[in-house]
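Each chain, written out:
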Amino acid sequence: MQAMENNRSKLVAGLDRTRRSTFGRIARFIGAGQITDTTWEDLEALLIQSDIGVETSLDIIQETQNATREEGILRADQLQLRLKEILLSRLPSPPAIEITSRPFVVLLAGVNGSGKTTTLAKLGKHFQGQGLEVQFAAADTYR
């Protein structure tokens, strides 16, 4: 019974980390208030803290500020949708996955709360849908 409670606690802690991840924090921080200088400063800090990098964060802020001026966006909740579009536009299209030999290995690496486990599950389901047998293996520097 104790082991079950420990597993439950670990799961809750892991979900909490995910909930507090960068985009969740951005959504909570933006809220519905007016866009102010503090809004931009806080957004810049969040982007930099999320390992996007200083230069990229500043580019995103500049592009978002330009868009808000051009489109007449005044409220932070309206800013959230535009910011999402800008962030998504910066993501490259995923490469086509060609399975040419077996076993085929996919390696995922990333910081805590970045969505590795969710992505892995989605990839597994995708490959199963193609009729492939899927196995998961894990390694963690903390365990």
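Quick notes on the rules
Residues numbered from 1 in each chain as written. Predicted model: local features only at pLDDT ≥ 70, side-chain atom pairs only at ≥ 80, totals over all residues. Heavy atoms only, no water. Helix = DSSP H or I, 4+ residues; strand = E, 2+ residues; numbered from the N terminus. Phe/Tyr/Trp six-rings, centres within 6.5 Å; stacked < 30°, edge-to-face > 60°. Buried < 20%, exposed > 50% of the residue type's maximum accessible area, 1.4 Å probe, protein only. Core = buried A, V, L, I, M, F, W, Y, C linked by side-chain atoms within 4.5 Å. Salt bridge = Lys/Arg side-chain N within 4 Å of Asp/Glu carboxyl O.

A. A look at unusual backbone geometry. In this structure, the amide linkage connecting Arg-102 to the following residue, Pro-103, adopts the cis form with an omega of 0 degrees. Position of Pro-103 relative to the elements: it lies in the loop between helix H5 (76–89) and helix H6 (116–129).

B. A look at the packing of aromatic side chains. On inspection of all chains with the given rule, the structure shows one aromatic pair. An angle of 80 degrees between the planes, with centres 6.4 Å apart, marks the rings of Phe-104 and Phe-127 as edge-to-face. One end of the pair, Phe-104, is in the loop between H5 and H6; the other, Phe-127, is in helix H6, with 23 residues separating them in the sequence. Take Phe-127: its relative accessible area is 10%, and that puts it in the buried class.

C. The arrangement of the nonpolar core in detail. Membership of the largest hydrophobic core comes to 13 residues, with the highest contact counts inside it found for Ile-35, Trp-40, Leu-43 and Ile-60. Contributing elements (two or more residues each) for this core: helix H3 (37–49), helix H4 (54–71) and H5. In terms of residues, this core owes the most to one element, H5, which gives five residues.

D. Here's a closer look at the pattern of salt bridges. Per the counting criterion, the structure on display carries four salt bridges. Between Asp-77 and Arg-75 there is a salt bridge, with the nearest N and O atoms lying 3.9 Å from each other. Arg-82 is paired through a salt bridge with Glu-85; the nearest N and O atoms lie 3.2 Å apart. You can see Arg-82 and its partner Glu-85 sitting in helix H5, three residues apart, about one turn around the helix. On the basis of relative accessibility, which here comes to 41%, the residue Glu-85 falls in the partly exposed class. A network of salt bridges, in which partner residues are shared, links Glu-71, Arg-82 and Glu-85.

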